[in-house]
Amino acid sequence: MESATTPTQGILSEDKRDEREQLIELLQQAYWMEIETVMSYLANSTNPDGVRAQEIKESLEEDVQEELGHAQQFGARIKELYGVVPGSLEFKAEQSYLQPPDQQTDVVHVIKGVIEAESGAIAHYNRIIQFCEEHDPVTQDMVIDILRDEEGHRRLFEGFLREYQAEGLA
């Protein structure tokens, strides 16, 4: 017999344990994506040189805080779902495209890396949203808000890239 405090429906119910565990895995992956993006954006908001790099650096500086906030949201939701936020020993870097370029004036490399990172996040968050459709409207709502931020970031950097392309620099 279930305890009076155990939810009897929704993602927290015992009969949804498998779905909850799958969702926690998806959220842990999202958490790591955000943490890695914070590291990459921190480097890329510091390293680039040149007059043209300034706006990119400033934009990434702002994004560091937003991406960290996303990681915190994912962590909080993992905990609410009775999962465990992973520790640093579980981290595996994947963002090869956001590594500092050979030439620190190569701002186009940074722009393209940001677009790829945001595109990867958008694809993953859409998977979470679809998974949540039948299982968890609370997580779905949170991820939709985060998705909006990521789409805005990608759009901004696509604009930066178009400007460089129009000037023959990309």
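Remember, predicted model here, so these are calculated numbers, not experimental data.

Asks: Can you lay out the packing of helix 1 (residues 17-44) against helix 3 (residues 107-132) for me, pointing to particular residues and giving the numbers?
Replies: To describe two helices that pack against each other, one gives the angle between their axes and the distance between the axes. Between helix 1 and helix 3, the least distance of the axes is 11 Å, while the angle of their chain directions is 165°. The angle between helix 1 and helix 3 places the two elements in the roughly antiparallel class. Classified by chirality, the crossing of helix 3 by helix 1 is left-handed. Residues Glu 19, Gln 22, Leu 23, Leu 26, Leu 27, Gln 29, Ala 30, Met 33, Glu 34, Tyr 41 and Asn 44 of helix 1 form the contact with helix 3, whose participating residues are Val 110, Val 114, Ala 117, Glu 118, Gly 120, Ala 121, His 124, Tyr 125, Ile 128, Phe 131 and Cys 132.

Asks: Lay out unusual backbone geometry in plain terms, naming residues and giving numbers.
Replies: Trans is the common state for peptide bonds, and a negative phi is the common state for residues other than glycine. At Tyr 82, a position not held by glycine, the phi torsion is positive, near 70°. Among the residues examined, Tyr 82 registers a relative accessible area of 61% and is labelled exposed.

Asks: An account of the pattern of salt bridges is requested, with residue identities and associated values reported.
Replies: Scanning the entire structure with this criterion turns up eight salt bridges. Ionic pairing is found between Glu 158 and Arg 154, a salt bridge with its closest N-O pair at 3.6 Å. With Glu 158 and Arg 154 both in helix 4 (residues 137-166) and four residues apart, this pair spans about one turn of that helix. Under the relative-accessibility criterion, Glu 158 is labelled partly exposed at 25%. In this structure Arg 154 comes out as partly exposed when scored by relative accessible area, which is 24%. Several salt bridges share partner residues, and in doing so they unite Glu 14, Arg 17 and Glu 21 into one network.

Thresholds applied
- Residues numbered from 1 in each chain as written.
- Predicted model: local features only at pLDDT ≥ 70, side-chain atom pairs only at ≥ 80, totals over all residues.
- Heavy atoms only, no water.
- Axes fitted to C-alpha atoms, helices over the stretch in contact; angles between N-to-C directions.
- Helix = DSSP H or I, 4+ residues; strand = E, 2+ residues; numbered from the N terminus.
- Parallel < 35°, antiparallel > 145°, perpendicular 65-115°, else oblique.
- Left-handed = near helix turned anticlockwise from the far one by under 90°.
- Contact = heavy atoms within 4.5 Å.
- Buried < 20%, exposed > 50% of the residue type's maximum accessible area, 1.4 Å probe, protein only.
- Salt bridge = Lys/Arg side-chain N within 4 Å of Asp/Glu carboxyl O.

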